[in-house]
Amino acid sequence: MINAHPLIRRLATVSGAILLAACTGAAQAMPYVMFRDPGCGCCKDWAAHAHEQLAHEVQVREDEPMDAVKARLGVPVDLSSCHTTVIEGYVIEGHVPAREIKRLLAERPAGVTGLAVAGMPMGSPGMEAGGRVQPYQVIAFGDARRKVYASYP
């Protein structure tokens with residue numbers, strides 16, 4: 001394209017920008033998919049937190065056994081919680097704060113499959129309990145490694 005006519009170069013540049021914008025818009029339009037057990041109420045509260053804080057649709061699915069979902073997505077058993085969400089290819093297990101999901105999507109660290117908050121700690125998003133808070137950690141997992149991604153409070 002070095003010797004291409006200026007009009008052709010400009011068309012190629014504009015076309016590329018339009019294509020990039022379309023792809024970016026398509027990625028943003030894909031819903032986040034949360035798998036949950038139909039009997040669990042806090043999962044809907046976490047989905048509302050994610051929708052509000054991440055400004056993204058959260059699709060709720062209750063059509064697969066949670067053990068099968070977690071096994072298929074590679075959630076370590078000891079990091080398990082009540083719901084599992086897939087966000088832009090990452091696995092988000094349990095009551096992970098939206099702040100850490102935003103950070104994950106911005107940084108996209110190598111070797112990280114997802115983030116997890118094991119169990120259901122009081123005070124985590126979706127588990128608000130009248131101001132009572134249990135300390136908890138957000139764990140980054142993947143490639144047989146783990147690390148503390150964030151600690152609360």
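Quick look at the structure, then.

A word on helix α2 (residues 42-54)
- If you check α2, its first and last C-alpha atoms are 18 Å apart, about what 13 residues at 1.5 Å a residue would give, namely 18 Å.
- Restricting attention to buried positions, one finds in α2 the residues Cys 42, Cys 43, Trp 46, Ala 47, Ala 50 and Leu 54. Within α2, the buried residues cover an arc of 145 degrees as seen down the axis, which keeps them to one side. Seen from the open side of α2, the exposed residues pointing more than 90 degrees away from its buried face are Lys 44 and Glu 52.
- If you follow the buried residues of α2, they end up packed against β1 (32-36), β2 (58-61), β3 (83-87), β4 (90-94) and α4 (98-107).
- Downstream of α2 by one or two residues, Ala 55 has phi in the positive range, about 50 degrees.

Considerations on the pairing of β2
- As judged from the four bridges shared by β1 and β2, these two strands associate in the parallel manner. In the sheet register, Val 33 faces β2, and the bridge partner there is Gln 59.
- Traced from β1 through α2 to β2, the parallel crossover comes out right-handed.

Concerning the sheet that holds strand β5 (residues 114-117)
- Spatially, seven strands are ordered β2-β1-β3-β4-β5-β6-β7 in an open sheet, and the strand pairing comes out mixed. The sheet is open, and its two borders are formed by β2 and β7 (145-152), each paired with just one other strand. Averaged over all adjacent pairs, the angle separating strand axes in this sheet is 20 degrees, with direction ignored.
- Bridge count for β3 against β4 is four bridges, and the pairing is antiparallel. For Ile 87, the partnering residue across the bridge sits in β4 and is Tyr 90.
- Sitting on the sheet, α4 touches β1, β3, β4, β5, β6 (136-142) and β7, and the angle it makes with β7 is about 135 degrees.

Considerations on the pattern of salt bridges
- Going through the model one piece at a time under the given rule, you end up with 11 salt bridges.
- Arg 36 is the partner of Glu 62 in a salt bridge, and the nearest nitrogen-oxygen pair spans 2.0 Å. With a gap of 26 residues between them, Glu 62 in the loop between β2 and α3 (66-73) and Arg 36 in strand β1 connect regions that are remote in the sequence.
- Across the pair Arg 146 and Asp 78 runs a salt bridge, and its minimum N-O distance is 2.7 Å. Taken together, the residues span a long stretch of sequence, with Arg 146 in strand β7 and Asp 78 in the loop between α3 and β3 at a distance of 68 residues.
- What you see here is one network of salt bridges that share partners, running through Arg 61, Asp 63, Glu 64 and Arg 72.

Description of the side chain of Ser 124
- Among the structural elements, Ser 124 can be located in the loop between β5 and β6.
- For Ser 124, a relative accessible area of 0% translates into the label buried.
- Here Pro 121 takes part through its backbone oxygen, which lies 2.7 Å from a polar atom of the side chain of Ser 124.
- When residues no more than four places from it in sequence are discounted, the contact partners of Ser 124 are His 95 and Tyr 136.

The rules behind each value
Residues numbered from 1 in each chain as written. Predicted model: local features only at pLDDT ≥ 70, side-chain atom pairs only at ≥ 80, totals over all residues. Heavy atoms only, no water. Helix = DSSP H or I, 4+ residues; strand = E, 2+ residues; numbered from the N terminus. Expected span 1.5 Å × (residues − 1). Buried < 20%, exposed > 50% of the residue type's maximum accessible area, 1.4 Å probe, protein only. Arc of directions from axis to C-beta. Contact = heavy atoms within 4.5 Å. Pairing = 2+ DSSP bridges. Right-handed = clockwise from strand over helix to strand, strands pointing away. Axes fitted to C-alpha atoms, helices over the stretch in contact; angles between N-to-C directions. Salt bridge = Lys/Arg side-chain N within 4 Å of Asp/Glu carboxyl O. Polar contact = N/O pair within 3.5 Å; in protein donor to acceptor, adjacent residues only side chain to side chain.

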